Amino acid sequence: MAARTRFPAGIALESHKRADWVLPVRHLPLPSRVMLSLDPGTGAAAEPVVSVGDVVARGAVVGRASSPFSANVHASIAGTVIAVEERESATPGGVSLCVIIARTEAETVAPLQRPAPDVSALDAAQLQQALRDAGFAGLGGAGFPTATKLDAARGRSVHTLLLNGAECEPWISCDDALMQTAADDVIVGAGVLRHACGATACIVAIEDDKPAAIAAVTSAIERARDPAMTLAIVPAVYPRGAERQLITAVTGVETPSGGLPVDAGIVCQNVATAAAVARWARHGEPLLSRIVTVTGSGVASPCNVHAPLGTPLAELVTAAGGYQGTPLRLIAGGNMTGLALPSDEVGLGKATNCVFVATGADLAPRLDAFEHPCIRCGDCADVCPAGLLPQQLHRAALADEHGTLRDLGVFDCIDCGLCDYVCPSQIPLAHRFRLARGRLRETDAAARKAEAARERHELRKRRLRDEAAEQQRAFEAVRGQALAADGRASATRGDADNDTAGKAGGITGSGPPGVTH
Amino acid sequence: MRFDTSPAPHVIAGYSVPRVMFQVLLALVPVAIAHIVLLGPGLLLQLAVACVTALLAEAIALRWRGRDAAPALKDGSVLVTACLLALSLTPLLPWWLTALGTALAVLLGKHVFGGLGQNPFNPAMVGYAILLVSFPLEMTRWPVPLDVPDTHSWTELARMTFAGFYGAASDARWDAYTGATALDAIRTGLDLRYTLPEILGRDDVMGPLGARGFAWINLAALAGGLYLLARRLVRWHIPVAVLAGLLVPACIAHALDPGGSLSATTHALAGATMLAAFFIATDPVSAATSDRGRLWYGAGIGLLAWIIRTWGGYPDGFAFAVLLMNLAVPFIDRYTVPRIHGRPR
C-alpha cells in the first residue's frame, strides 16, 4: 500500500442537513404515470422492448441493456405504455429516450413478490448477470451499471468492497435516511456484492456528521457478526465522498490516474445500491424505487421520499409540501454537482439522489455576479481534491491547448465544483473544464474516425492491388496455356505464327487491360 | 413549471476580487500610519497623486483597448498598485515623478500585457524600478525620521513636492531635510572602510528607534502582513520563503564576518523587507503558481535582495529581486507542477 502523503483538502461546506426532517421517509401514493429514462446516467440508453399500447406488469422489463454502460429498465408501476420518446430527463445529457407508463393498478401495492434468487448457488459471473438483468445502477449519483463495475474486478485481485455512505454533498440526506431505516439491508447487500466481485473485506464509510446512521450501521454490523465488515468514519469534508477521494481517505491507496478503483484492489458501491440488492436477494424485486431527498428553500416541507422510479418530480415536490417562495432552479442532485433541469415534468432517475428546489437565497450571489479576470490567487488549487492547478487549466482551456489540458489533468478533474466555489473572480471553472473535456473527446473521436478511414483506405488499396495481381496471375496462366497450345499447334504447323508469339510477349509487361493502380 | 438551467455548481462562497483588494488596502493601514508618524504626512500627498494617476491611467488604457472601464476601476487592483508604489517612494518625491512612475506602472507594467491577471511583472515594481534607475538622486532623498519638524508641515511639504524641486535655493533645504537611509549609510560607511560596529553606533544610522525609524515601519508592515495571513488572503509560502532567502545567508555571513556583514535582525527590519515579503512578492498574478513553486520564488527574491544589498549598486534590492524572479516564474511553474491525485510519484 502506498503511503498516505498529500491529501488534498476539500472544504467543510455548510451541510444544510437538518436532522429533524431526515426521518421519517415518506411513502407516496403511486403516481398516475411514470417517465422511465432508459439512460441510467451514463449516456448509453437501453433498447426499448415495449411499444405504445402495451400493457406491462409491475417489474416487467421495458428496456434491455445494450452495452456495458446501460442497464435493464423495469416498469415501476403496472399500466399501459403511452409513449416511447426522447424527452427531458434527469440525466447528464438533459434529454434521453424514455418509456412513459400510465397507471392501471390500485394506488398502493405490496412489495413485488417473486421467487428469491439463490445467491449462494450462483458464481460471480452468474450473479453479475442476474444483477444486470435486475437493472442495478449506482444509486449514489453517477448511475453507472453495478454489474459492469463488479465485472471490472474479474482477473484483478480485488480485496475490498467499499460501501459509500459518506454522502458529502450539502443538502442531501437520502443515504442517511436509508442507513437509519435499512442498515441490515445494507449489510446483507454488502454480502451479495462481495460475492459478486470476490472481495474478502468490506468497509462502510460514513461521514462524521451522521451519528444516527453511524449508530445504526454499527449495530447492524454487530448483529451480522461478520469480522470482515468494518465501519470507517471520515470527516465531513466535501468532496470526501467522491469515489477516488473516499478510497484514499479510507485506505490510503490512490486510484491510478486514468485507471479504475479495481486497479487499486477496491470496488466501490453506494450504500443505497447495496440495500436495493438486498431487497432483490430477499424477494426478487428488480430496481423499481429509491429514496430521494426533496429539499431546498423552494419547498415547504423538506423530506426524504421513497418513490417509484420515473415518478414525475412535480409529484415529489408536492409530497414535500409543494413550492414556496420564488423557486428559480430545479436541480437533480445537490447544489455543488447537481444538474439544473428545465422542467419538473421529468421522471425520477436511478441516480437522482436529490431534488433541490433553489430560491435566490440558495443560489446567491452567483445570479448577478460579474466575472473578473483570473488573478492567479491559487485558492482553487488549494481546495482541489484531485491536486490539480485549476488556474493553469483555465488558461489552457481558454486557449484550447489540448496537450496542456491533458498534461494538467483535465480528465483527472472530478467535477466537484470547489474551484468555482472559492474563485474570487467568480469564473465558471468547472463548466469550462466540462466543455474542454467535451471538445477533447470530440477531437479524439474525430481522430479515431480519421484513423479508421485511413486504415480502410489502405485496406482498399491493398485489396485492389491483390485483385490486380490475381487477375495478372490468371491472365498469365491463361496465356501460358494458350502459348503451350500454340506451341503444340506451331509444332505441327511449322513457324508460320512466330509474329503472334512476339506480340503476346509484349503484352506481358503491361498486364491485363482495364486494371490500373 | 419551467426553470433556468445554469451549470453546476449552483452556489459559490461569494469571495470577490474587489473584496480581496480592499482587504489588502486595509492591511496597509498600519504601515502607512508608521510611515506618516516617522517621516511626516508627505505620504498622503504621494498616495493622492498615485491613486488619481493610477485611476486615470487605468481608465485611459481600458478605453484604448476598447474595454468597459467601470468594472476594472471598481475592482481596486489599480489602487493596490498605486498604494504599494507610493509606500515605496520617499515622501518628498516631486509629484510629477510619482505621477510618471504610477502611469508607467499601470501602462507598461500592466496594460501592455493585457490588463489584470496577464502581467508577468509586478506593476508597482516596474514603476519603482524605472524611477530608481532614471532619477536616482530624487528617489534616494529620504527625510530624516522624526528629526526635522519642517518636513511635517504641510506648506513646506507642498513647496517641496509641488514646487520646491526647482530653483537653486532649494538645494540647501534638501540637504537640511534629508539624509541617507540606514542601508545607504551602512553601504557608504563600509565602502569608506568603517567597521559595522562603528557605523551602527552612529545616531544618524540607527537612531533611537532602530534602523533610523525603518524598524518601526517594517514592524507595522509585518503586522499588516500577519493580518493578511490570518484572513488567508496570502498564504505563508512566499513571505516565509522571502524572509528565509534573505535572513539565512545574512545569518551565515554575519557569523563569518561580524565586522563587515549586517546581522539578520538589521536586514529584517531595514529598508523594504517586510513590505516586500508580505505585500509585494505576494502579488499572485506575477508570482509562481503552486505552493512548492512559491517557496522557490520567494526564496529567490530573498536571496537576490541579500546579494544586491551586499554587493549590488543600490542600497536596497527588493524591486530588482522581485522583477528578476518574475522573469523566472514560467520556468519555476514548469518544474513545480504538483502531483495529480493518482499519478505516479
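Residues numbered from 1 in each chain as written. Chains lettered and ligands numbered in written order. Predicted model: local features only at pLDDT ≥ 70, side-chain atom pairs only at ≥ 80, totals over all residues. Heavy atoms only, no water.

Examining the overall build of chain B
For clarity, the cut-off: Helix and strand assignments follow DSSP, with helices taken as H or I runs no shorter than four residues and strands as E runs no shorter than two, numbered in order from the N terminus. Each residue gets one of three labels from its accessible area relative to the maximum for its type: buried under 20%, exposed over 50%, partly exposed in between, using a 1.4 Å probe on protein chains only. Only the protein chains shown count as cover for residues, with accessible areas throughout obtained via the Shrake-Rupley method and a probe of 1.4 Å.
Of the regular secondary structure elements, chain B holds 19 helices and two strands. Within chain B, the fraction of its 345 residues that count as buried is 56%. For chain B, the accessible surface area stands at approximately 14,500 Å², while carbon and sulfur atoms represent 68% of it.

Remarks on the overall build of chain A
Our working rule: Note that the radius of gyration is over C-alpha atoms, with the globule rule given as 2.2 Å times the number of residues to the power 0.38. Only heavy atoms enter the contact rule, under which two residues are in contact if any of them lie within 4.5 Å.
In terms of regular secondary structure, chain A is built from 15 helices and 17 strands. Over its C-alpha trace chain A gives a radius of gyration of 31 Å, far above what one expects of a compact globule, namely 24 Å for 517 residues. When the backbone C-alpha atoms are referred to their principal axes, chain A occupies close to 115 × 60 × 50 Å. Across the 517 residues of chain A, 52% fall into the buried class. Long-range pairs, those at least 24 residues apart, make up 74% of the contacts in chain A between residues at least 6 apart in sequence.

Here we look at the pattern of salt bridges
All names here are of chain A. Put simply, the test is: Salt bridges are defined by distance alone: a side-chain nitrogen of Lys or Arg within 4 Å of a carboxyl oxygen of Asp or Glu.
Across all of its chains, the model carries 26 salt bridges over all chains by this definition. Here Glu 243 and Lys 149 are joined by a salt bridge, their closest N and O atoms 2.8 Å apart. Of this pair, Glu 243 sits in helix α6 (residues 243-251) while Lys 149 sits in helix α2 (residues 146-151), and the two are 94 residues apart along the sequence. What makes Glu 243 partly exposed here is its relative accessible area of 25%.

A look at the interface of chain A and chain B
The test is simple: The term buried area refers to how much accessible surface (probe radius 1.4 Å) is lost by two components on association, counted for both of them together. Here a polar contact is recorded for every N or O atom pair within 3.5 Å, except that within protein the pair must consist of a potential hydrogen donor and a potential acceptor, and residues adjacent in sequence are included only if both atoms are side-chain atoms. Think of it as three bins: nonpolar holds Ala, Val, Leu, Ile, Met, Phe, Trp, Tyr, Cys and Pro, charged holds Asp, Glu, Lys and Arg, and polar takes everything else, Gly as well.
Each partner contributes residues to the interface: chain A has 70 residues there, and chain B has 43 residues. Summed over both partners, the interface of chain A with chain B comes to about 4,600 Å²; 54% of that surface belongs to carbon and sulfur atoms. Our count for the chain A to chain B interface comes out at eight salt bridges. Put simply, Arg 376 of chain A and Asp 333 of chain B hold a salt bridge, and the shortest N to O gap is 3.5 Å. In this structure, the connection of chain A to chain B is made through 30 residue pairs in polar contact (both at pLDDT 80 or more). Partitioned by chemical class, the residues of the side of chain A that touches chain B number 33 nonpolar, 20 polar and 17 charged.

Describing the pairing of strand β10 (residues 201-207) of chain A
All names here are of chain A. Put simply, the rule is: A pair of strands is labelled paired if DSSP reports no fewer than 2 bridges between them.
Burial within β10 is extensive, with six of its seven residues counted as buried. Alignment of strand β9 (residues 160-165) against β10, held across six bridges, turns out to be parallel. What sits directly across from Thr 160, in β10, is Ala 201. Judged from the six bridges that link them, β10 and strand β11 (residues 229-234) form a sheet pairing that is parallel. The residue of β11 that forms the bridge with Val 204 is Leu 231.

Points about the nonpolar core
The tendency in soluble globular proteins is for nonpolar side chains to be buried as a group. Convention followed: Buried Ala, Val, Leu, Ile, Met, Phe, Trp, Tyr and Cys residues that are joined via side-chain atoms within 4.5 Å together make up what is termed a nonpolar core.
Core analysis: the biggest nonpolar cluster contains 79 residues, and Leu 28, Val 31, Met 125, Tyr 128, Phe 279, Tyr 297 and Ile 301 of chain B have the highest contact counts within it. Contacts of Val 31 of chain B, omitting those with residues within four sequence positions, involve Leu 87, Ile 217, Ala 220, Ala 221 and Leu 275 of chain B. By size, the runner-up hydrophobic cluster in this structure holds 71 residues, among which are Ala 75, Val 99, Ala 130 and Ile 214 of chain A.

A short note on the packing of aromatic side chains
Put simply, the rule is: Put simply, two rings from Phe, Tyr or Trp (the six-membered ring, in Trp's case) pair if the centres are within 6.5 Å, and we call them stacked under 30 degrees between planes, edge-to-face over 60, tilted for the rest. Any Lys NZ or Arg CZ found within 6 Å of a ring centre and within 35 degrees of that ring's normal is scored as a charge over the ring.
Under the criterion given, the structure shown has eight aromatic pairs over all chains. The residue whose ring lies beneath Arg 334 of chain B is Tyr 335 of chain B, and the NZ or CZ to ring-centre distance is 6.0 Å.

Considerations on the packing of helix α2 (residues 29-39) of chain B against helix α14 (residues 214-230) of chain B
Residues and elements named next belong to chain B. So the rule is basically this: Axis definition: a line fitted to C-alpha atoms, limited for helices to the stretch in contact. Angles are taken between N-to-C directions and run from 0 to 180 degrees. The scheme is simple: roughly parallel for angles under 35 degrees, roughly antiparallel for over 145, roughly perpendicular for 65 to 115, oblique for anything else. Here is the rule for handedness: rotate from the far helix to the near one, and if that takes an anticlockwise turn smaller than a right angle the crossing is left-handed, while a clockwise turn gives right-handed.
Look at α2 against α14: their axes get within 7 Å of each other, and the N-to-C directions meet at 165 degrees. Between α2 and α14, the interaxial angle falls into the category roughly antiparallel. Remark: the crossing between α2 and α14 carries right-handed chirality. Taking contact as the criterion, the partners of Pro 30, Val 31, Ala 34, His 35, Leu 38 and Leu 39 in α2 are, on α14, Trp 216, Ile 217, Ala 220, Ala 221 and Gly 224.

Concerning α2 of chain B
All names here are of chain B. Threshold: Arc, as used here, means the arc of the directions from the helix axis to the C-beta atoms.
Among all positions in α2, only Val 31, Ala 32, Ala 34, His 35, Leu 38 and Leu 39 are buried. Angularly, the buried residues of α2 cover 165 degrees about the axis, an arc narrow enough to put them on a single face. Gly 40 occupies a position one or two residues after α2 and carries a positive phi of about 95 degrees.

Observations regarding the confidence of the model for chain B
A low pLDDT score tells you not to read the predicted coordinates there in detail. Short version of the rule: Residue-level confidence of the predictor, termed pLDDT, takes values from 0 up to 100.
On average, chain B scores 84 in pLDDT, and the residues at 70 or more come to 86%. Under the prediction, the complex receives an ipTM of 0.82, its pTM being 0.82.

Section: helix α6 (residues 95-107) of chain B
Residues and elements named next belong to chain B. Selection criterion: Take the residue count of a helix, subtract one, and multiply by 1.5 Å to get its expected span.
Here α6 is 13 residues long and its end C-alpha atoms lie 18 Å apart, about the 18 Å a rise of 1.5 Å per residue gives. Leu 97, Thr 98, Ala 99, Gly 101, Thr 102, Ala 103, Ala 105 and Val 106 are the residues of α6 that are buried. Looking at the buried residues of α6, the elements they touch are α3 (42-64), α5 (77-88), α7 (123-134) and α8 (136-139).

A look at the state of the cysteines
Residues and elements named next belong to chain A. We apply this condition: The definition used for a disulfide is geometric: two cysteine sulfur atoms within 2.5 Å.
For the structure on display, the rule yields zero disulfides over all chains. Free of any disulfide, Cys 197 has its nearest neighbouring cysteine sulfur in Cys 202, separated by 8.8 Å. Judged by its relative accessible area of 8%, Cys 197 falls in the buried class. Counting only cysteine sulfurs, Cys 174 is the nearest neighbor of Cys 354, a cysteine outside any disulfide, at a range of 7.4 Å. Overall, Cys 354 belongs to the buried group, its relative accessible area being 0%.

Examining a nonpolar patch on the surface
All names here are of chain B. Short version of the rule: Residues with no salt bridge and a relative accessible area higher than 30% make up the patches, which join like charges within 9 Å and nonpolar side chains (Val, Leu, Ile, Met, Phe, Trp, Tyr) within 5 Å.
Taken together, the side chains of Phe 22, Leu 26, Val 29, Ile 33 and Val 37 present a nonpolar region at the surface, about 450 Å² in accessible area. The greatest single-element share of the nonpolar patch, amounting to three residues, is contributed by α2. Position of Leu 26 among the secondary structure elements: in helix α1 (residues 17-27). What makes Leu 26 partly exposed here is its relative accessible area of 39%.

What about unusual backbone geometry?
With an omega of -5 degrees, the peptide bond running from Tyr 238 of chain A to Pro 239 of chain A counts as cis. Positionally, Pro 239 of chain A belongs in the loop between β11 and α6. In this structure, the amide linkage connecting Ala 8 of chain B to the following residue, Pro 9 of chain B, adopts the cis form with an omega of -5 degrees. Non-glycine residue Asp 415 of chain A carries a positive phi angle of around 65 degrees. For Asp 415 of chain A, the position within the fold is in the loop between α12 (402-407) and α13 (418-422). Within the chain, Arg 232 of chain B stands out as a residue other than glycine whose phi angle is a positive 60 degrees. Relative to the helices and strands, Arg 232 of chain B resides in the loop between α14 and α15 (237-256).

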